[in-house]
Amino acid sequence: MVFKSTMKQQILFTLSMLFYIAITNAQTNLPYFTDFETDSGGWIDGGSASARVTNNSNSPQGDNSWELRDDIGNESSFYQNFNLSGYDTVSISFSYQSNGFDPDFRWFIFYIAADAFQVKLDGTRVLLYTFDVEWDRNNEKNTVTITLNTDDYNFTSNSEIRFESLANSFNDLVYFDEISVTGTNSVTRPEADFTADNTAPFTDDIVSFTDLSDYTPTTWRGLFQVLVLLPMLTERLLARKTQKLRLIRQVCIMLP
């Protein structure tokens, strides 16, 4: 890294550098939690078959939850974007409760799949829960935790988490509550350390910086602060004042 002092600066200055290593720790936008008791928690409904409901007896806990019904794609979903960049693992936990869900149905050549729901990360299914397989009772609270790792999924700064109903009719309902999203990161945060080969440059001098930070960071952001010191300015002002005094003295001597 090289810094060149500007042409306008004619005084002595010191460069001090504040570097912020661009490593995301496990608290950026996470941990996240909502129980829908006060608001929607940032979730967005996908359409007509999705809504936050209040004072609902089918909520897994409390009075409020998020209701999904039917199976009409995004219309039967709700979603939110999270900053998951830099995490090794991401865990999604929630409670849910179904109402009117049915198992699969077979009659001769007719077959109707069981009601279900899924969770997606950036359009990729990370969980599929089917009634009469993962749970078999309506109107009872259940809890789920999904743990994802960066080896299998791409965590970005704008990752979308989406809950979607795969029920068979508009009257088949599932309620979600107590949604938690957390992340962990095993990478040790670097400690910024830089040296400069010239800490008191003059105009047009070149200053080179060397990165000595621990744990081999690969990206960083830098903020250079130029602290203007007064010694050189004072010295120059004094020099000019001295010259004026000498001139005045010479003039006085020449006067009769």
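Details of the structure are given in the entry above.
Calculation notes
Residues numbered from 1 in each chain as written. Predicted model: local features only at pLDDT ≥ 70, side-chain atom pairs only at ≥ 80, totals over all residues. Heavy atoms only, no water. Helix = DSSP H or I, 4+ residues; strand = E, 2+ residues; numbered from the N terminus. Buried < 20%, exposed > 50% of the residue type's maximum accessible area, 1.4 Å probe, protein only. Contact = heavy atoms within 4.5 Å. Areas by Shrake-Rupley, 256 points an atom, 1.4 Å probe, with all protein chains shown as cover. Pairing = 2+ DSSP bridges. Salt bridge = Lys/Arg side-chain N within 4 Å of Asp/Glu carboxyl O. Phe/Tyr/Trp six-rings, centres within 6.5 Å; stacked < 30°, edge-to-face > 60°. Core = buried A, V, L, I, M, F, W, Y, C linked by side-chain atoms within 4.5 Å. Patch = residues over 30% accessible without salt bridge, like charges linked within 9 Å, V, L, I, M, F, W, Y side chains within 5 Å. Lys, Arg positive; Asp, Glu negative; His and termini not counted. Charge placed at Lys NZ, Arg CZ, Asp CG, Glu CD. Polar contact = N/O pair within 3.5 Å; in protein donor to acceptor, adjacent residues only side chain to side chain.

Asks: Honestly, the overall build of the protein in this entry has me stumped. Any pointers?
Replies: Along the backbone of the protein there are 1 helix and 18 strands. Every one of the 256 residues in the protein was classed for burial, and the buried ones make up 35%. Restricting to contacts in the protein with at least 6 residues of sequence separation, those with at least 24 account for 77%. Only carbon and sulfur atoms are counted for the fraction: they give 51% of the accessible area of the protein, which is about 15,100 Å².

Asks: Before we go on, may I ask you to explain the pairing of strand S15 (residues 173-184) in this structure?
Replies: In terms of burial, S15 is a largely internal element, 9 of the 12 residues being buried. Taken together, the 3 bridges between strand S3 (residues 32-34) and S15 define a ladder with antiparallel strand orientation. Across the sheet, residue Phe33 finds its bridge partner in S15, namely Ser180. Note: strand S6 (residues 65-69) against S15, 4 bridges, orientation antiparallel. The residue of S15 that forms the bridge with Trp66 is Phe176.

Asks: What should I look at first to understand the pattern of salt bridges in this one?
Replies: Side-chain pairs of opposite charge can arise where the charged atoms are in close proximity. Under the counting rule described, the total for this entry stands at 4 salt bridges. For the salt bridge of Arg69 with Glu67, the shortest nitrogen-to-oxygen distance reads 3.1 Å. Note on Arg69: relative accessible area 15%, which makes it buried. Glu178 is the partner of Lys141 in a salt bridge, and the nearest nitrogen-oxygen pair spans 3.0 Å. A residue pair is termed long-range when its members are at least 10 positions apart, and Lys141 in the loop between strand S12 (124-130) and strand S13 (142-149) and Glu178 in strand S15 qualify at 37 residues. Taking the relative accessible area as the measure of exposure, Lys141 reaches 40% and is therefore partly exposed. Glu178 gets classed as partly exposed once you look at its relative accessible area, which sits at 24%.

Asks: Quick question: what am I supposed to make of the sheet that holds strand S14 (residues 159-165) here?
Replies: Each strand in a sheet pairs with another by means of backbone hydrogen bonds, the pair being arranged parallel or else antiparallel. Strand order in the open sheet formed by 5 strands is S4-S7-S14-S11-S12, with antiparallel pairing between adjacent strands. A single partner strand is all that each edge strand has here, and the edge strands are strand S4 (44-45) and S12.

Asks: Is there a simple way to explain the packing of aromatic side chains in this structure?
Replies: Within a pair of aromatic rings, the relevant descriptors are the distance that separates the centres and the angle that separates the planes. The full count for this structure, using the stated rule, is 23 aromatic pairs. Measuring from centroid to centroid gives 5.8 Å for Phe101 and Trp135, while their planes differ by 40°, and the two rings are tilted. Of this pair, Phe101 sits in the loop between strand S8 (89-99) and strand S9 (105-107) while Trp135 sits in the loop between S12 and S13; the two residues are 34 residues apart in sequence, bridging distant segments of the chain. Take Trp135: its relative accessible area is 5%, and that puts it in the buried class.

Asks: Is there a simple way to think about the nonpolar core in this case?
Replies: In a soluble, globular protein the nonpolar side chains are often hidden away together inside. The biggest cluster of nonpolar side chains holds 34 residues, and the ones touching the most others in it are Trp43, Phe94 and Phe163. Contributions of two or more residues to this core are made by S6, strand S7 (77-82), S8, strand S11 (116-121), S12, S13, S14 and S15. With residues near it in sequence (within four places) discarded, Phe163 still touches Trp43, Leu68, Ser76, Ser77, Phe78, Ile92, Phe94, Gln118, Val119, Phe176 and Ile179.

Asks: How should a negative patch on the surface be read in this particular structure?
Replies: Among the surface-exposed residues, Asp104, Asp132, Asp136 and Glu140 lie close enough to one another that they form a single negatively charged patch. One can find Asp104 in the loop between S8 and S9.

Asks: Could you clarify how one ought to interpret the pairing of S8 in this entry?
Replies: Where a strand is regular, its side chains alternate between the two sheet faces. Summarising burial for S8: 8 of the 11 residues are buried, a large majority. Of the strand pairs in this sheet, S8 and S15 are connected by 10 bridges, and their pairing is antiparallel. Bridging from a neighbouring strand, Val90 pairs with Gly183 of S15.

Asks: Is there a simple way to explain the side chain of Asn83 in this structure?
Replies: Within the element layout of this structure, Asn83 appears in the loop between S7 and S8. A polar contact is formed between the side chain of Asn83 and the backbone nitrogen of Ser85, at a distance of 3.2 Å.

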